Amino acid sequence: SSIDSATAPRDGGRPRERALAMKIDEVPSLTRKARVAAHTHIKGLGLKDDGSAADAAAGWVGQETAREACGVVADMIREKKMAGRALLFAGAPGTGKTALALGIAQELGTRVPFCPMVGSEVYSSEIKKTEVLMENFRRAIGLRIKEVKEVYEGEVVEMTPEETESTSGGYGKVISHVIIGLKSVKGTKQLKLDPAIYEALQQEKVSTGDVIYIEANSGSVKRVGRCDAYATEFDLEAEEYVPLPKGDVHKRKEIVQDVTLHDLDSANAKPVGGHDLVAVMNQISKSKKTEITEKLRQEINKVVNGYIDQGIAELVPGVLFIDEVHMLDIECFTYLNKALESSLAPIVIFATNRGVCTVKGTDIQAPHGIPTDLLDRLMIVRTMTYTIEEMVKILAVRAQVEDLEVDEDSLAHLAEVGDRTSLRHAMQLMSPAFIVAKTNGREKVALSDLEECEGLFLDAKASAKLLQEQADKYLA
């Protein structure tokens, strides 16, 4: 808060105190209000500097071997030595397979594409199964384009359209060119622009006193805002004020853009003018699902490879995560064999909780429901079931994330429930137990609240047992 106080000599030099004017500004909270999801507590892989897994770090408890393996994979991805390889997370339900994939994504950061999907997503009535797979493959491959652009940036001090007689006959006049004056901190420059740029200026509603940005190569105009010299013009204003641009009016800027190959595919499937790569990227439109032909993809690959050879662009192989991979059928698995061998392939991570089961679309029994020829290409990471001690620690982390107060006896009881049923069921009992505790006038979850919730909500095993005992009362 700021306090203004002043004493001024009045009435023949006698000081008269003015009332203190106190202004109190409330600082808004910076805490992010986000919904707590199943894996909100995962913040990375929780590895030490030497690559070994910490006992409890980044939301993780246990699974040391799997986390260390994922750490090695993350390092290989960063060094671009993992492209075209595949990894399989295999383990019982609730052992942290999806959490491991999210941990890898967090370790890699936002600059590396991470595309998650579920096996059942391929079954679409609009496009082929293999097309869905290829689309996601292309989403997981990034392209970092570095381009030096020549731009004119400044405050508009003059804008005069020059008119001439129409050449097509009649009495009308047409605009031949437009004279525009741009001012920056270092000086002023007068430009003579094409009439097409004048149309773009009108579309952006540019007027004198606005700060604008004109690209020399494409002629595209962007209105940045109103110059802050005019900020006191009105008491209320819906305008955004920006400072006068620094440096010269004419500048060279290096712009780095991150796109995926799928963005380029979809932009070229319905092109709308412009032939250079940057123009294509500016026209990325979100239209109805359309199949992109193999021929178009090959053309884009050729262009991309050309840009990489020239040093304009850099390929960033990302991660494609396919959860519940046993849901894919034999067609998809055969297609994956081919896709993994292509020159532009991302790192593929599969996850499954199945043991030996039938490969979808065949009568063949195979480990994890994956054909043996594809299994042969995979590096397999096992996730182990948690001990009761580890479950107690996990539940404590989860209680902290969900902002619940649970006493130690209740955590120990929940861990026993998790061991008897599943860890997921134990976690799901925490929030209802907190509501029951509040109803009973307590802020902390007690053992009695948990026991009450166990009576209200059954787990899968108890429900299955009940079905067996009362089979005659249900429809077969």
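Read on for an overview of the structure. Here the structure is a predicted model, which means the values were calculated and not measured. (Residues numbered from 1 in each chain as written. Predicted model: local features only at pLDDT ≥ 70, side-chain atom pairs only at ≥ 80, totals over all residues. Heavy atoms only, no water.)

Regarding unusual backbone geometry
Leaving glycine aside, a negative phi is the common case for residues, and trans is the common case for peptide bonds. Its identity as a non-glycine residue notwithstanding, lysine 205 has a phi of 55°, on the positive side. The topology assignment puts lysine 205 in the loop between α4 (195–203) and β12 (210–215). Residue classification places lysine 205 among the exposed positions, given a relative accessible area of 67%. Positioned with a positive phi, aspartate 403 is a non-glycine residue whose angle comes to about 60°. By the element assignment, aspartate 403 lies in the loop between α10 (388–401) and α11 (408–420). (Helix = DSSP H or I, 4+ residues; strand = E, 2+ residues; numbered from the N terminus. Buried < 20%, exposed > 50% of the residue type's maximum accessible area, 1.4 Å probe, protein only.)

Concerning the packing of helix α3 (residues 129–139) against helix α7 (residues 294–310)
Across the interface, α3 lies against α7 with an axial gap of 13 Å and an inter-helix angle of 15°. The pairing of α3 with α7 is recorded here as roughly parallel in orientation. Crossing of α3 over α7 shows left-handed handedness. Seen from α3, the contacting residues are Glu131, Met134, Glu135 and Arg138; seen from α7, they are Arg297, Ile300 and Asn301. When its residues are assigned to classes, the contact of α3 with α7 shows two nonpolar, one polar and four charged. (Axes fitted to C-alpha atoms, helices over the stretch in contact; angles between N-to-C directions. Parallel < 35°, antiparallel > 145°, perpendicular 65-115°, else oblique. Left-handed = near helix turned anticlockwise from the far one by under 90°. Contact = heavy atoms within 4.5 Å. Nonpolar A, V, L, I, M, F, W, Y, C, P; charged D, E, K, R; others polar.)

A closer look at the side chain of threonine 95
Residue position: threonine 95 is located in the loop between β7 (86–91) and α2 (97–108). On the basis of relative accessible area, threonine 95 is assigned to the buried category, the value being 2%. Apart from the residues within four sequence positions on either side, threonine 95 is in contact with Gln63, Thr383, Met384, Thr385 and Tyr386.

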